[in-house]
Amino acid sequence: MMNSTPAPTRELAPARPTWHIVLVRPETMTFLLLLFGLVGASFLSPFFLDAGYILRSFTLTAEMSIVALVLTMVVISGEIDLSPAANMALSACIFAWVQDAGVPLPIAVIVGLLAGLAMGALNAFMSIRMQLPSIIVTIGTLIFFRGLAQVIAGDRSIRVPDSFIGINNVMIAGIPLPVVIFVLVAILLGLVLGTTAVGRQIYQIGTNQQAALHAGINAKKIKVGLFLVLGLVSAAAGIMAASRLGSVRYDLVLGGELQMVLMAMLGGTYIFGGRGTILGTFLAAWLLVIVSTGMTVANLLPAIQLTVLGILLIVAIIATNFIYARTQR
Amino acid sequence: MTLVRSILLRREAGIVVMIFAFCLAVGLYKPHFLTVQSLRIILLLVPLIMIGAMAQMLVLVARHVDLSIGSILGFSAMVVGLMYREFPDIYWLVGFPVAILTGAFLGLGNGLLVTIFRLPSIIVTLGTLSLYRGLTFIISDARQINRSVIPTELKAMSRTSPIFDIPWIILIAFGVALMTYVVARHTQLGRQIYALGSNPEAAPLRGIDVAKVTLVVFTLAGALSGLAGILYASRWGFVNPSNTGAGFEFQVIAAVVIGGVSINGGVGTVSGTVLGVLLLGCVSAALPLLGIPGSTQNAIYGAVILIALLIDRSVRQRGVTSLSRAAS
């Protein structure tokens, strides 16, 4: 009958106000830190109020920032890759070596990109096909790629042709080309992750791979794809770095994996997967530029900068974990 | 028959075969490789890696990983070097407790971050890898500790020998391996480390204090890296803020993974790790003899890690299929 007693409704928790939701997002924290850093740095030196100065400084880490954007997606899917910095070095070395041997420039670029793709495929094969933990696999490939770069380049630096040098001096509407590429890649990946079905599937895989499989998501295919894209983008970034530096050595961006992971963590990407945004990493990349140029302007030793980066990584991951633990319910 | 079979099926047997096959192959090409003198060269290459491998083995068995041991090595060596420079009159043996305690302190730092904040050890130690390296630069003012500062007695430990013409540092390394064996196999702590690594969820249910065991493991790893730090000063006679211990963690992980320590925790033996270290030592000693440039070493280490991971997986897979066959 109609007059049966209604099922006891559970007391709904009052909806949290919008400002509360926005405020506890890790990207908000990154953004506030960025503003704070900018204000602090401009007291340190008036250079920081000059947008051109910041843009020029950004070209120094633009390549790594681009890779960090893709790395963010890999981490969201529940994997990690520590080898992109070594991939950048090896791809750049192969590119420079091949064109030094007389191969035309465009073909040398393609060879370098294919090498990066192959490195991504090796990571994907070991971590996804062989189901080994990506964290240890990519430590192995990190050593392997860097070692191969050392075999190819030895202790010398391989020059790239003059016509190829200077990507950081190419300006588009007053903005250095690497920065433009970074912004475009960020917009593209942000759209993929935020608005497409594949993007939603990446979050689902990272949150609960088992559930994602039951929902009919081909987790393996998506993860293999992410590793391949990361390999390809790392190679492109390595070749960009070769163009900026004018020559290639095997120790190109040595230790860069720290900064890439740091950008993702500072941007609020959850190390265990399932959470994080491209916007967060985008903001964190700028934050890191402010911090490191700030330290350079303040005449701090590079060694102290290393210490600060290490502390930042640990603080960032503690803060992110804390925020997510609070908002879990 | 079953005894022979069970010995042959062990991981250690495979590594022994690989060592013999490798040495024979190199020896056929360069007979000089199969002499006592080259054995000495091999053994002198391995003490630091041996000690680091014992540290990393304990950490891996507990299902963690420590990437910072190279930086801990460098920092401890630098602290000791600075001590010798600032207090030239100090008794040289004081360096050992100082280095070990410094390392233990840094290792404890890793352990606290991992246990208090429940962070993955790989990210924490990636952070402390650069943090401790940066601190090494800061305390040393980015300057090297020179040969003249290191006490002669300490440097002599790498050449003089108490017994059978085997230098001190080799004896110390094997002593550390023996002690690790005793801890791992014959103490409560050792069993708890294995239990924790085999199943972190079940360990507290069995009454294991997970936080305590984790802290002890990281502190031990730090202490051993500190010991390796002072032995570095003995072996090479200098301490450099950027070179000392850089890349050490990778050599160590290579040795440990070859030795059959599982990255999934709970599995690993001291004998396997020792053999893994020796195999790496043979490879490193053979490269210059074969005229292969030293720059290939890192590529070989990397390839060896990847191959060891694949072998490890196929062994595990075979174990799973044979178990399920036995069950049906």
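Residues numbered from 1 in each chain as written. Chains lettered and ligands numbered in written order. Predicted model: local features only at pLDDT ≥ 70, side-chain atom pairs only at ≥ 80, totals over all residues. Heavy atoms only, no water.

**So, the UniProt feature "transmembrane region" (unreviewed entry) in chain B**
Residues and elements named next belong to chain B. What UniProt calls "transmembrane region" (unreviewed entry) maps, in this numbering, to residues 12-29, 41-60, 67-84, 90-109, 166-184, 213-234, 246-267 and 298-315. Here residues 67-84 is 89% helix and 0% strand, with 28 Å between the C-alpha atoms at its ends. Here residues 166-184 runs as 89% helix and 0% strand, with 26 Å between its end C-alpha atoms. (UniProt positions renumbered as here; feature names shortened; annotations may be inferred. Helix = DSSP H or I, 4+ residues; strand = E, 2+ residues; numbered from the N terminus.)

**Section: the packing of helix α5 (residues 84-100) of chain A against helix α7 (residues 134-153) of chain A**
Two packed helices can be described by the angle between their axes and the distance between those axes. Residue and element names in this part refer to chain A. Running from N to C, α5 and α7 cross one another at 25°; their axes reach a closest spacing of 8 Å. On the basis of the axis angle, α5 is roughly parallel to α7. Remark: the crossing between α5 and α7 carries left-handed chirality. For the pair formed by α5 and α7, the contact residues are Ala-85, Ala-86, Asn-87, Ala-89, Leu-90, Cys-93, Ile-94 and Trp-97 on the first element and Leu-142, Phe-145, Arg-146, Leu-148, Ala-149, Ile-152 and Ala-153 on the second. In terms of residue class, the contact of α5 with α7 is built from 13 nonpolar, 1 polar and 1 charged. (Axes fitted to C-alpha atoms, helices over the stretch in contact; angles between N-to-C directions. Parallel < 35°, antiparallel > 145°, perpendicular 65-115°, else oblique. Left-handed = near helix turned anticlockwise from the far one by under 90°. Contact = heavy atoms within 4.5 Å. Nonpolar A, V, L, I, M, F, W, Y, C, P; charged D, E, K, R; others polar.)

**Here we look at a nonpolar patch on the surface**
Residues and elements named next belong to chain A. On the surface, Ile-110, Leu-114, Leu-117 and Leu-232 cluster together into a nonpolar patch covering about 330 Å² of accessible area. For the nonpolar patch, the leading source of residues is helix α6 (residues 105-129), giving 3 residues. Look at Ile-110 and you get partly exposed, because its relative accessible area is 48%. (Patch = residues over 30% accessible without salt bridge, like charges linked within 9 Å, V, L, I, M, F, W, Y side chains within 5 Å. Areas by Shrake-Rupley, 256 points an atom, 1.4 Å probe, with all protein chains shown as cover. Salt bridge = Lys/Arg side-chain N within 4 Å of Asp/Glu carboxyl O. Buried < 20%, exposed > 50% of the residue type's maximum accessible area, 1.4 Å probe, protein only.)

**Regarding the packing of aromatic side chains**
According to the stated counting rule, one finds 11 aromatic pairs over all chains in the structure shown. Taking 5.1 Å as the distance between ring centres and 45° as the angle between the ring planes, the aromatic pair formed by A:Phe95 and A:Phe164 counts as tilted. On the criterion of sequence distance, the pair formed by A:Phe95 in helix α5 and A:Phe164 in the loop between β1 (158-159) and β2 (171-172) is long-range, its members being 69 residues apart. What makes A:Phe95 buried here is its relative accessible area of 0%. Put simply, the rings of A:Phe58, A:Phe182, A:Phe282 and A:Trp286 touch in pairs and so form one group of aromatic residues. When the ring centre of B:Tyr194 is taken as origin, the NZ or CZ atom of B:Arg191, which lies over that ring, is 5.4 Å away. The ring of B:Trp236 has B:Arg235 lying over it, and the distance from NZ or CZ to the ring centre is 4.5 Å. (Phe/Tyr/Trp six-rings, centres within 6.5 Å; stacked < 30°, edge-to-face > 60°. Lys NZ or Arg CZ within 6 Å of the ring centre and 35° of its normal.)

**A few points about the confidence of the model for chain B**
With 93% of its residues at a pLDDT of 70 or more, chain B has an overall mean of 83. Per-element confidence in chain B ranges from a low mean pLDDT of 64 for helix α1 (residues 2-9) of chain B to a high of 92 for helix α6 (residues 95-116) of chain B. (pLDDT = per-residue confidence, 0-100.)

**Considering the packing of helix α13 (residues 248-258) of chain B against helix α14 (residues 270-289) of chain B**
All names here are of chain B. Between α13 and α14, the shortest axis-to-axis distance is 7 Å and the interhelical angle comes to 120°. Viewed along their axes, α13 and α14 adopt a mutual orientation that is oblique. When the axes of α13 and α14 are compared, the crossing they make is right-handed. Within the contact between the two elements, α13 uses Gln-251, Ala-254, Ala-255, Val-256 and Ile-258 and α14 uses Thr-273, Gly-276, Val-277, Leu-279 and Leu-280. Per-class residue counts for the contact of α13 with α14 are 7 nonpolar, 3 polar and no charged.

**Some details on unusual backbone geometry**
Only a minority of non-glycine residues have a phi that is not negative, and only a minority of peptide bonds are not trans. Residues and elements named next belong to chain A. The phi dihedral of Gln-131 falls on the positive side, at around 55°, and the residue is not glycine. When you line up the elements, Gln-131 lands in the loop between α6 and α7. The exposed category is assigned to Gln-131, whose relative accessible area is 54%. At Ala-173, a position not held by glycine, the phi torsion is positive, near 55°. Along the chain, Ala-173 turns up in the loop between β2 and β3 (175-176).

**A look at the nonpolar core**
With 198 residues, the main nonpolar core has B:Leu154 and B:Leu309 as its most contacted residues. Aside from chain neighbours lying at most four places away, what touches B:Leu309 is A:Met126, A:Leu132, A:Ile136, A:Val137, B:Val257 and B:Ile263. (Core = buried A, V, L, I, M, F, W, Y, C linked by side-chain atoms within 4.5 Å.)

**Looking at the interface of chain B and chain A**
Opposite the 36 residues of chain B that make contact, chain A presents 36 residues. With both chains or domains summed, chain B and chain A bury close to 3200 Å², and 85% of this area falls on carbon and sulfur atoms. Taken together, the links from chain B to chain A amount to 0 salt bridges. On inspection of chain B and its partner chain A, the count reaches 1 residue pair in polar contact (both at pLDDT 80 or more). Ranked by the residues each element gives to the side of chain B that touches chain A, the list is headed by helix α7 (residues 121-140) of chain B, at 13 residues. (Buried area = accessible area lost by both parts, 1.4 Å probe. Polar contact = N/O pair within 3.5 Å; in protein donor to acceptor, adjacent residues only side chain to side chain.)

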